Amino acid sequence: MSDTSRASISVIGSLNIDYFTKVSALPSPGETVSSTGLELFRGGKGANQANAARRQGAEVHFFGCVGQDEEGKAYRDALDADGIDVSFLKQVSTKTGAAFITVDTAGENMIVIAPGANDKLGSDDIKAGRSVLLESGAVLGQFETPLEALVEAAILANKENIPVVINPSPVRLEFPWHMVKTDYLIVNEGEASEVLGFAPMSEEPGILRQRLHELRVEHLIVTRGGDETLVFTRTGDSFSVETLPVLPVDTVGAGDAFAGCFTARIADGAPLEEAIRAANCAGALTTLGAGAQNPVPDRQKVDQHLEHLAAKS
Ligand code: RIB
């Protein structure tokens, strides 16, 4: 671990090249619209979250797949240069994943993914990194790579009481929730409704508690853009955590910054509310620049904002 590293985490997830265009209004089906230009960024929910955790000072081990193409090699080198462990980043003979992202002037976006190499991650790739994974302070995964890999990682982590953080994005209803214990489930409001089958804010606390029990989720964390983040526990407690007021330029990757920062802080031993406060800050600050990784703040910047918020309250 380098001098600046704190806790270690394992991220199981995707890497994409993001092809990013801006339009005045998103196209309707069958419509063609022209954008103001094309930008290429490094993206993919897994890599975005790994990047955010690394910027918080975590030692990050990445489990994923890129192609043997130029994009894949460059992506691997970039992660390595950022201090992310790529020993378990497999190169496969398929194209590196791509995401086609279009954002309108109101900040609404449409994303189409071509998973490519991401689809090649399997449970054997997790088993190959078992010893590293079991030394982690937390395991973090999303749903852009095959679910069997995440399930394998979560089961291993569960056996050693390593916190499992899942950001089920994009939602896949076939995820076998009963097979794993999820310590922290991070969702936005739409994802919360899809996973639970109802909006957590509008349901009886007892029904929500029962649903969390069925899904084996210990803490449900609902991010809500500029509004407070809500937390519901399996034991029936709930609370909210304020976020940083900002004027967003591009919200792509904000949820990933939240998840990466949150996991780094939890692995580092932060109490739940403190980890959410920091993650809210990281998510909000990420909306101030273009791309899912470049604008993600480092630990020092997040801490400065937290101090500022504390001084005001
Ligand atoms: O969450 C944002 C990410 O979703 C983008 O970087 C894109 O690659 C897609 O995975």
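The notes below deal with the structure included here. Note that the structure is a prediction, hence the values are computed from the model and not measured. (Residues numbered from 1 in each chain as written. Predicted model: local features only at pLDDT ≥ 70, side-chain atom pairs only at ≥ 80, totals over all residues. Heavy atoms only, no water.)

With that out of the way, let us pick up the pairing of strand S8 (residues 138–142). Of all five residues in S8, five are buried, a share of seventy percent or more. Residues Ala-138, Leu-140 and Gln-142 line one face of S8 and the alternating positions Val-139 and Gly-141 line the opposite face, and both faces are buried. As judged from the four bridges shared by strand S1 (residues 8–12) and S8, these two strands associate in the parallel manner. Within S8, the residue paired with Ser-10 across the bridge is Val-139. Sheet analysis places S8 next to strand S9 (residues 164–167), joined by four bridges and oriented parallel. Within S9, the position partnered with Leu-140 by the bridge is Val-165. Read as a crossover between parallel neighbours, the route from S8 over helix H5 (residues 147–159) to S9 is right-handed. (Buried < 20%, exposed > 50% of the residue type's maximum accessible area, 1.4 Å probe, protein only. Helix = DSSP H or I, 4+ residues; strand = E, 2+ residues; numbered from the N terminus. Pairing = 2+ DSSP bridges. Right-handed = clockwise from strand over helix to strand, strands pointing away.)

This brings us to the sheet that holds strand S12 (residues 227–233). Read across the sheet, nine strands follow the order S5-S4-S1-S8-S9-S10-S11-S12-S13 without closing on themselves; strand pairing throughout is mixed. Sheet topology places strand S5 (89–92) and strand S13 (238–241) at the edges, where each strand pairs with a single neighbour. Neighbouring strand axes in the sheet, compared pairwise and without regard to direction, differ in orientation by 20° on average. Here strand S10 (residues 182–188) runs beside strand S11 (residues 217–224); their pairing, made up of six bridges, is parallel. From the neighbouring strand, Leu-185 faces S11, where its bridge partner is Leu-220. On the sheet, helix H2 (residues 70–81) packs against strand S4 (59–67) and S5 and is oriented at approximately 170° with respect to S5. (Axes fitted to C-alpha atoms, helices over the stretch in contact; angles between N-to-C directions. Contact = heavy atoms within 4.5 Å.)

What we call a disulfide is simply a covalent bond connecting the sulfur atoms of a pair of cysteines. If you walk through the whole model with that rule in mind, you get zero disulfides. Unpaired in terms of disulfides, Cys-261 finds its nearest cysteine sulfur in Cys-281, a separation of 8.1 Å. (Disulfide = S-S within 2.5 Å.)

So, about the site of the ligand. Near the ligand, the surroundings consist of 13 residues, among which Asp-18, Gly-44, Lys-45, Glu-144 and Asp-256 are the closest. One of the side-chain N or O atoms of Asp-18 is found 2.5 Å from an oxygen atom in the ligand. A distance of 2.7 Å separates an oxygen atom of the ligand from a polar atom in the side chain of Asp-256. Out of a free accessible area of 280 Å², the ligand has 96% covered by protein chains. For the ligand, the cavity whose grid points lie within 2 Å of the majority of its atoms is the largest pocket. Those elements giving two or more residues to the shell around the ligand turn out to be strand S2 (16–23) and helix H1 (45–55). In terms of residue class, the shell around the ligand is built from four nonpolar, five polar and four charged. (Near = heavy atom within 4 Å. Polar contact = N/O pair within 3.5 Å; in protein donor to acceptor, adjacent residues only side chain to side chain. Areas by Shrake-Rupley, 256 points an atom, 1.4 Å probe, with all protein chains shown as cover. 1 Å grid on protein atoms, 1.4 Å probe; cavity = no way out; pocket = protein on both sides within 12 Å on 5 of 7 lines; lining within 4 Å. Sits in = over half its atoms within 2 Å of the grid points. Nonpolar A, V, L, I, M, F, W, Y, C, P; charged D, E, K, R; others polar.)

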